[in-house]
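Inside the fold
Take a look at the letters that make up each chain.
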Amino acid sequence: MSSPETNPSPLAAPVSSVWGVGEERAKLLARLDIFTVEDLLLHKPRRYEDRRKFLAIRDLKVKEAATVRGTIVAAGIKRFKKGTRSMFECVFEDGTARLHCRWWQAQSWMPDWYTVGREFLIYGKLDDDKKPRTFTHPETELVEPGDDEFIHVNRIVPVHPLTEGLTARVVRSLIWRALERFEGEIKEPAIALDLKLHPTRANAVRMIHFPAELTDVVIARQRLALDEFVVLQTQIQARRKKFEAQSKALPCSGDNRLMKPFLAQLGFKLTEAQTKVLREIRADMGGAHPMRRLLQGDVGSGKTAVAACSALMALEGGFNVALMAPTEILAEQHFRNFSKWFEPLGVKVEMQTGSRKSGEDGGWRMEDGEGNDRAGKHSTSNIQRSTLTIGTHALLTGGFELARLGLVIIDEQHKFGVTQRETLVRKGNYPHLLVMTATPIPRTLGLTLYGDLDVSVIDELPGGRGAIKTFVRTTAKLPKVFDFIREKIAGGRQAYIVYPRVEVADTDKDIKAVNKEFPNVQKALGPFKAGLLHGQIKPADKEAVMADFRANKIQALVATSLIEVGVDVPNATVMLIENAEHFGLAQLHQLRGRIGRGAHESFCILISDALHPEALARLKIMEETNDGFKIAEADLKLRGPGELLGQEQSGAMKLRFGDLTEDLNLIRQARDLAAGALK
Ligand code: ADP
Ligand code: MG
């Protein structure tokens, strides 16, 4: 592609170079994000109107829009009392009957335009079945001798997204003019497409606005979407190439000397899926370029054990490891597990959160061992001193340093932004990176948003898990539901009870809050004990409640969605979520992932009185499937990618024609085209 500085495309010219766009209109167009000629040409129609149906005036029917052709036989302005309202009316005649057309608030140009003897095409529908036959505010277009091409009538007409002060007609006219003048400047992109399979880009642009048939729209959209995806894939792949050229991998594939005893004491055998993923990770960590890998595994699939094994590989190589989690509760849980697993192996495990740092000196600096030993010689003392630091966002702060950082692991990565990921990685010298997520990423997003990461999937849950049953119920059923929970608790199990809010908000009293409901739950479940957990509780108290819950000193945990990520208490088998309509699908699935972790059968009860069809659709999907992948795809369809991507990630993905909910095939084609071109 030619660089825009040296050889700007005429399409990059300001939109004011289209005839009819003055300062005023340019301002209005800017509101539609249209600044250049190209922006205007790529302004995607919102819908189409088929105005090809042609009728004689005599044959017009009420409520059936049609185009007629008529000559003006009379025209004039009518004024009403006090002169505040006026109407312009003209009468058309086509040899079969007469048609009155009227426009409220006559415009000064109308009498000069609609003059007796002029012929027009008129598109509209009859107001009613009374005589005279009347159209109010029809769309018209002058018939000019020798020109039988119409923009606004007698064709499939585009209706574009508009803004106040810009009518559909104006936008359509501007695009028509822009096409007339600039169509020849719409060039094929540098990475050429097979024109046996696709229209040229220029044709596609014309077809998207002025299709001969509606099927043209489909063909044109695909072509334009493919162009977008090719640009995107080229960027992603070029970034990756550059990264690989700049960086050299630290030798972190390990020698099993910590791994062996670790696996022996773990208490379970890794699933095949976990083993397969670990093979991929080991290959990366011994490869030429630093690992950039996304580990995707549904809730409960055992990502933590994979993280532990990966950490050991780096630790065996004499490198330090950092593990970042999005909440203190989860960081504490990891700290406890990893300490239990790693301390017997002689690996130091430290904790860095906003409220707590472990380690004798309480310092922010990780021990430096034998200096920056990038070769990673395996001296025993090195291994002894290797450290795993676990933390929250606190790991990102400037004061925190990590020497000999070999591997960065980010748990629940969807809770972090790309910049945060990069901040942590930059604390080392091109360390390996493993990001983990339980939010299954639809393939379309995997290839775009996460296109610069390799993806591993744990596609199997550990065996011996009880099934999860999900029910949607109304609040009227709550007493029964609590009876059910008591019964389960009496049988030795535990329960989570989740509400959307901490406090009841004045504005929306119907949304339940933990602080208000906690005493009610205590009463309903007594003599069994309930604990309270939400974001405003002091970290030490949070940890105490979690410890009691883990030890089954508390049987029910009343909480906000704070517990959605990572919390692992296998004896908890009931998840009750009130005002379930207030949670997104992904969030509901995450919450449900807190149960079904042990051998007992589990129950998820979603309470909602919602009537909104989208909310009902969401809850129904929860009832129908436990498959996180299906849920993510449904979520993408229901809410669009913006919500799913979250954070700044969605901003990078402004597509005009591409549709991340359904364009997997196009994205794949684009990836292959980009890869072929970058070879
Ligand atoms: P997630 O993928 O959601 O992070 P965890 O790593 O928390 O899941 O694992 C869920 C539970 O499954 C934990 O209690 C863990 O000890 C257990 N687990 C992990 N791997 C296995 C396995 N291979 N066999 C049996 N249990 C396992
Ligand atoms: Mg986890």
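Scoring rules and cut-offs
Residues numbered from 1 in each chain as written. Chains lettered and ligands numbered in written order. Predicted model: local features only at pLDDT ≥ 70, side-chain atom pairs only at ≥ 80, totals over all residues. Heavy atoms only, no water. Near = heavy atom within 4 Å. Polar contact = N/O pair within 3.5 Å; in protein donor to acceptor, adjacent residues only side chain to side chain. Areas by Shrake-Rupley, 256 points an atom, 1.4 Å probe, with all protein chains shown as cover. Nonpolar A, V, L, I, M, F, W, Y, C, P; charged D, E, K, R; others polar. Buried < 20%, exposed > 50% of the residue type's maximum accessible area, 1.4 Å probe, protein only. Helix = DSSP H or I, 4+ residues; strand = E, 2+ residues; numbered from the N terminus. Pairing = 2+ DSSP bridges. Right-handed = clockwise from strand over helix to strand, strands pointing away. Expected span 1.5 Å × (residues − 1). Arc of directions from axis to C-beta. Contact = heavy atoms within 4.5 Å. Domains from an automatic or database assignment. Axes fitted to C-alpha atoms, helices over the stretch in contact; angles between N-to-C directions.

Some details on the site of ligand 1
Around ligand 1 sit 16 residues in total, of which Gly300, Lys303, Thr304, Arg465 and Asp568 are the nearest. In this structure, an oxygen atom belonging to ligand 1 sits 3.1 Å away from a side-chain N or O atom of Arg597. Burial of ligand 1 by the surrounding chains reaches 85%, relative to a free accessible area of 560 Å². A per-class count over the shell around ligand 1 returns four nonpolar, six polar and six charged.

Structural notes on the pairing of strand E19 (residues 556–559)
Burial along E19 is two-sided: the residues Ala556 and Val558 and Leu557 and Ala559 are all buried. The pairing of strand E17 (residues 494–498) with E19 spans four bridges and is classified as parallel. In the strand pairing of E19, Ala495 is matched with Ala556. In terms of strand pairing, strand E18 (residues 530–533) meets E19 through four bridges, oriented parallel. Bridging across to E19, Ala530 finds its partner in Ala556. Taking the sense of rotation as the criterion, the β-α-β connection linking E18, helix H16 (residues 539–550) and E19 turns out right-handed.

Looking at helix H21 (residues 664–678)
The first and last C-alpha atoms of H21 sit 21 Å apart over 15 residues, in line with the 21 Å expected at 1.5 Å per residue. Those residues of H21 not exposed but buried are Leu666, Ile667, Ala670 and Ala674. Seen along its axis, H21 keeps its buried residues to an arc of 95 degrees; they face one direction. Buried-residue contacts for H21 involve helix H6 (214–246) and helix H13 (443–448).

Things to note about the domain arrangement of the protein chain
What the domain assignment reports for the protein chain is domain 1 (1–52 + 157–187), domain 2 (55–154), domain 3 (192–246 + 663–679), domain 4 (259–458) and domain 5 (468–645). Taking only C-alpha atoms into account, the centre of domain 1 sits 50 Å from that of domain 5.

Observations regarding the side chain of Glu412
For Glu412, the location among the structural elements is in the loop between strand E13 (405–410) and helix H12 (418–425). Setting aside its immediate chain neighbours within four residues, Glu412 contacts Pro326, Leu330, Met436, Ala438, Val565, Gly566 and Gln590.

Observations concerning the sheet that holds strand E9 (residues 292–297)
The parallel open sheet is built from seven strands, whose spatial order is E11-E12-E10-E13-E14-E9-E15. Two strands lie at the open edges of the sheet, namely strand E11 (348–352) and strand E15 (454–458), each paired on one side alone. For this sheet, the mean inter-axis angle between neighbouring strands, taken without regard to orientation, is 20 degrees. Taken together, the five bridges between E9 and strand E14 (residues 432–437) define a ladder with parallel strand orientation. Among the inter-strand pairings, Gln296 is bridged to a residue of E14, identified as Thr437. Sheet strands in contact with helix H8 (residues 272–285) are E9, E13, E14 and E15, and its direction is about 160 degrees off that of E15. Each of E9, strand E10 (320–324), strand E12 (387–391), E13, E14 and E15 touches helix H9 (residues 303–316); the most contacted strand, E13, lies at about 170 degrees to it.

Focus on unusual backbone geometry
At the junction of Lys131 and Pro132, the peptide bond is cis and its omega measures out at -5 degrees in the coordinates. With respect to the helices, strands and loops of the structure, Pro132 is situated in the loop between strand E5 (119–124) and strand E6 (134–136). Here the bond from Gly526 into Pro527 is cis, since omega is 5 degrees, no more than 30 degrees from zero. You can see Pro527 is positioned in the loop between helix H15 (514–525) and E18. Its identity is not glycine, yet Asn579 carries a phi of approximately 50 degrees, on the positive side. With respect to the helices and strands, Asn579 occurs in the loop between strand E20 (572–577) and helix H17 (585–592).

What to know about the environment of Ser608
Along the chain, Ser608 turns up in the loop between strand E21 (602–607) and helix H18 (613–624). As for Ser608 and Ile577, which are separated by 31 residues in sequence, their C-alpha atoms are 8.7 Å apart. Not counting residues up to four positions away in its chain, the partners in contact with Ser608 are Arg473, Thr474, Ala580, Glu581 and Leu619.

Observations regarding the sheet that holds strand E2 (residues 66–79)
Read from one edge to the other, the open sheet built from six strands follows the order E6-E4-E3-E2-E5-E7, with strand pairing classed as mixed. Of all strands in the sheet, those bounded by a partner on one side alone are E6 and strand E7 (139–142). Neighbour-to-neighbour, the strand axes of this sheet turn through a mean angle of 35 degrees, independent of strand direction. With eight bridges joining them, E2 and strand E3 (residues 86–93) adopt antiparallel strand pairing.

Let's talk about the environment of Val514
With respect to the helices, strands and loops of the structure, Val514 is situated in helix H15. For the pair formed by Val514 and Thr560, sequence separation is 46 residues and the distance between their alpha carbons is 6.9 Å. When near neighbours in sequence (up to four residues on either side) are disregarded, Val514 contacts Tyr499, Arg501, Val502, Leu532, His534, Val558, Ala559 and Thr560.

A few points about the environment of Leu562
Mapped onto the fold, Leu562 is located in the loop between E19 and E20. Sequence-wise, Leu562 and Phe471 are 91 residues apart; in three dimensions their C-alpha atoms are separated by 22 Å. Setting aside anything within four residues of it in sequence, one finds Leu562 in contact with Thr327, Ile329, Leu533, His534, Gly535 and Lys542.

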